[in-house]
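# Per-entry structural report
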Amino acid sequence: MTDRITEELRGICGASAVLTEPVQLLTYECDALPHLRESPAIVVLPNTAAQVQAVVRVCAREAVPFVARGHGTGLSGGALPVPGCVVISLARLNRVLDVDIPNRLVTVEPGVTNLEITRQVAPFGYYYAPDPSSQQVCSIGGNVAENSGGAHCLKYGFTVHHVVEVEAVLPDGSLARIGSRLADEPGPDVLGLLVGSEGTLAVVTKVVVRILRRPETVQTLLAAYDTISAAGTAVSEIIAAGIIPAAVEMMDALAIKAAEAAVHPNFPPADTILIVELDGPVPEVRELFATVEAICRRTGASTVEVAADEAHRLRIWKGRKAAFAAMGRVSPNYYVQDGVVPRTKLPEVLGRIRALSERSGLGIGNVFHAGDGNLHPLICYDESVPGQAALAEQVAGEILTYCVEAGGSITGEHGVGADKKDYMPRMFSEHDLDAFQQVRDAFDPQRICNPGKVLPTPRLCGEVPGPYREHPVERAGLAERF
Amino acid sequence: MTVLQQGRAGSAGEAIDGITPQLVAEPTSGEACAAVLAAAAGGRVPTVIRGSGTKSGWGRPLDVVDLVVSTKSLNNLLVHRDGDLTVTVGAGLTLARLNTTLSARGQWLPVDSAFVGATIGGALATNDSGPLRQRFGTPRDLLIGITLALTDGRVVKSGGTVVKNVAGYDLGKLVTGSYGALAAIVDATFKLLPLPHASATLRAVYSDPEPLAADAAAISAGQFEPLAFDVRAADTADGLRWTLLVRFASSPAAVATQLDAARALVHGETTALREGLEARAWSEQVGHAWEGDATVVRCSWLPSRLGEVLALVRTLRAECGVTFTGRVGTGSGLLRLAGEDAAVEGAILRLRLDASPVGHVVVLRGSRALRSQVDVWGAAPSAPAAALKRALDPTGILNAGRGPL
């Protein structure tokens, strides 16, 4: 970064909002995927959309890459800097601009946290539906970038279903309104493309989200099973009964053990725990909940525990939501994977994961959104044992292969980012990836907006681009490529 | 030119906006479709993609239709994964046929088009919807994967077949509402919903719009979860007749409770509609704007401004015949404007005034003269939309001259 550019950025954002000292830059080297690290050349902390725009204009003029960053909770390296880049932190754009209850719209800056939106509207009986586990700290700008989901997206959808309009700085430095508070804007759904584009098409500076009326009632039950396949059968029967629960979550024995060790939710003894939550009008929930309870008992649940009150319900969820962090209680290190399989393929894929765990010798805990087939295997390893970290990464990659083979996806909610871009050819053909690149180039012909994310980088070492091709060594089972 | 060899002469039944196409190609695969588009792009032949043609008159009028690419033969129901509640269908399959098949398994794709015979591809390309959007959104909200044929001859996929998936760019959402101006839709994958166990509709009729708007606001503020929530202003001999329709679908007990609670809130003359009567009421509501051949204009508004919108409808009636159907919760609706073109044009201009409570005023159906006279779309494409058009259709052949891109 030249001194001239640094000075110009100081002029735009103020000297205290431009970081260049290596010790200051440390925080920005990675997001919540700490094994991928890179130091940016400079970090700017703009305070207004106009400053963001001015910074991007400088980057565009100088062809300097830039990476937008919310609160750094991403799990795929989506905010990973690239060498020589400007990191644009949106943490100071954290104002709630408008709360419009009659129209159920809230306008916020991107640095506002997900949960803050619900906090703002809760007094009126409303809430913001997408609830990623990190909702207390993650930014809405990051949610837009990643199209974040959460435990309740089976019924309520993802960020893309709840954002109606954004203001964004395009990679050429122009400011655009994308989407509309009003329905049916004519033309292609550019907003639908932008949400989930992982910060590669624009830097969002304002977000208008739709809020929902809080459901009249919420009912939660926990069912304990001896086998994961019995729990899986229960899920299939619930769906087949025409019920779309607000959430259907499963935890296996290792995840239960970890959660018990960490937050003592007092789960009954079980191989698998199923959590089902229904919400809606009281008579509907009462009737459907009885059906769910009957299905759980019929499919062999040893215990069915219905949350008697809100405290009980929160205890059940505490156990579920703590499961990730709790893995630290049972394993020195763990790797969180995110993949999706069609719901009906869950038993088959979980069986393969179990076999993989036995073969590799690494414990794999499973905590997942069973309703939509979104798996979060937690691969336990000990980095002090030589080779185990690499083995864990290999195992994590193998699980993605199972997901793709079952007709699923390499990521359900964490994003591709820098972490999984090389798996993209397993899901998409060369033509598909080329089309993605064309779309990206339409926004960012200089390729300076969050480079190195989503799409596999052009191979420089003679590796053939295109769909994943098995190497003879891999075919012989002697090596795997990740 | 290759494309000439692949096409055949068009017939009157394949007309676009009343004009018989010079050439029609009816590809039977995504690859064949992409090959036709590539040939058309190579020869710079303006091309219109056509499903059943139910909405092919929408857009700016053309004098000549060079090439129509019909999706008629891309009409297979490819895979119904009933246990996963997903389906993959060819673009040329009709919504009605799809839903007939799905209903045998207790499932549906809840998109209620006004057009019998509307295809999946056409519903996506226009992001068409009806009253069910109150609960389920528009086709873009249900779409989870897509296959597209591009003008460079490639067939590409985006999304997948699972309901939760954030890998890659969502080109499916991008092409919804693009009116075939970016690529041809070959097939699409949707998440499905279970058919509701029970359903009932509360109809309330008013002689004035003010109490209707107040009642609509009261229901909106309550903890109801309607399946559909609509308003209508019908032009009758006795003046405008105002109707509010609220449909509840759930378990039988929940439907009854919600219906009673809603009835207690409203002041109009109420009727509870079930089964055949209910189905007929909604079918009338969906088709209301499209009766006859008068001009149909789409517009939207912030839901809190419903009262102002209804007042505007009443004002417009002084200038031309007017009926109105709208979605209370989403703030979107259709105006049918009957009268001389000049009067209708005046009404459209009034709708587009800065002070008007409605926005995104688009002329969907109108005489060729009217559509030549007024700006059909009401807005130029945004800079990103225009850039995407250049990237995906660099020769500008798709829906050329018709918009919105």
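Predicted model, so just to flag it, every value in this text is computed and none were measured.

Parameters at a glance
Residues numbered from 1 in each chain as written. Chains lettered and ligands numbered in written order. Predicted model: local features only at pLDDT ≥ 70, side-chain atom pairs only at ≥ 80, totals over all residues. Heavy atoms only, no water. Helix = DSSP H or I, 4+ residues; strand = E, 2+ residues; numbered from the N terminus. Rg over C-alpha atoms; globule rule 2.2 N^0.38 Å. Contact = heavy atoms within 4.5 Å. Areas by Shrake-Rupley, 256 points an atom, 1.4 Å probe, with all protein chains shown as cover. Lys, Arg positive; Asp, Glu negative; His and termini not counted. Charge placed at Lys NZ, Arg CZ, Asp CG, Glu CD. Buried < 20%, exposed > 50% of the residue type's maximum accessible area, 1.4 Å probe, protein only. Pairing = 2+ DSSP bridges. Axes fitted to C-alpha atoms, helices over the stretch in contact; angles between N-to-C directions. Parallel < 35°, antiparallel > 145°, perpendicular 65-115°, else oblique. Left-handed = near helix turned anticlockwise from the far one by under 90°. Phe/Tyr/Trp six-rings, centres within 6.5 Å; stacked < 30°, edge-to-face > 60°.

## A short note on the overall build of chain B
In terms of helices and strands, chain B carries 14 helices and 18 strands. For 405 residues, the compact-globule estimate of 2.2 N^0.38 gives 22 Å, and chain B sits close to it at 22 Å. Taking the principal axes of its C-alpha atoms as reference, chain B extends roughly 65 × 55 × 35 Å. Counted over contacts in chain B with a minimum sequence separation of 6, partners at least 24 positions apart contribute 72%. When the accessible surface of chain B is split by element, carbon and sulfur atoms take 52% of a total near 14,200 Å². With 38 positive and 36 negative side-chain charges, chain B shows a spacing of 4 Å between the two charge centroids.

## So, the pairing of strand S10 (residues 203-210) of chain A
Regular strands place their side chains on alternate faces of the sheet. All names here are of chain A. Of all 8 residues in S10, 6 are buried; the element is thus mostly enclosed. Of the pairings in the sheet, the one linking strand S6 (residues 105-108) to S10 comprises 4 bridges and is antiparallel in character. The residue bridging Val106 from the neighbouring strand is Val209, located in S10. Inspection of the sheet shows strand S8 (residues 163-169) paired to S10 by 6 bridges, in the antiparallel sense.

## A short note on the environment of Cys30(A)
Along the chain, the position of Cys30(A) falls in the loop between helix H2 (22-25) and strand S2 (42-44). Each C-alpha atom, one on Cys30(A) and one on Gly70(A), is 12 Å from the other, the two residues being 40 residues apart in sequence.

## Digging into the packing of helix H16 (residues 430-443) of chain A against helix H14 (residues 383-392) of chain B
Closest axis-to-axis distance for the H16(A)/H14(B) pair is 9 Å, and the angle between their directions is 140°. When the interaxial angle is binned, H16(A) and H14(B) end up oblique. Note on packing geometry: the crossing formed by H16(A) with H14(B) is right-handed. Where H16(A) abuts H14(B), its residues Gln438(A), Val439(A), Ala442(A) and Phe443(A) lie against Pro384(B), Ala387(B), Leu388(B), Ala391(B) and Leu392(B).

## A short note on the packing of aromatic side chains
Aromatic ring pairs are reported here in terms of the distance separating the ring centres and the angle at which the planes meet. All names here are of chain B. Considering all chains together, one arrives at 11 aromatic pairs over all chains under this definition. A centroid spacing of 5.6 Å and a plane angle of 10° characterise the contact between Trp58 and Trp290, whose relative ring orientation is stacked. You can see Trp58 sitting in the loop between strand S2 (47-50) and strand S3 (67-70) and its partner Trp290 sitting in the loop between helix H10 (275-287) and strand S15 (295-300), a full 232 residues away along the chain. The two residues Trp58 and Trp290 agree in class, both being buried.

## A word on the sheet that holds strand S4 (residues 86-89) of chain A
Residue and element names in this part refer to chain A. The strand order across the open sheet formed by 4 strands is S1-S2-S4-S3, and the pairing between neighbours is mixed. The two strands at the open ends of the sheet, each matched to only one other strand, are strand S1 (18-19) and strand S3 (66-69). Along the sheet, helix H3 (residues 49-62) contacts S2, S3 and S4; its crossing angle with S4, the most-contacted strand, is approximately 170°.

Keep in mind these values describe shape, not function.
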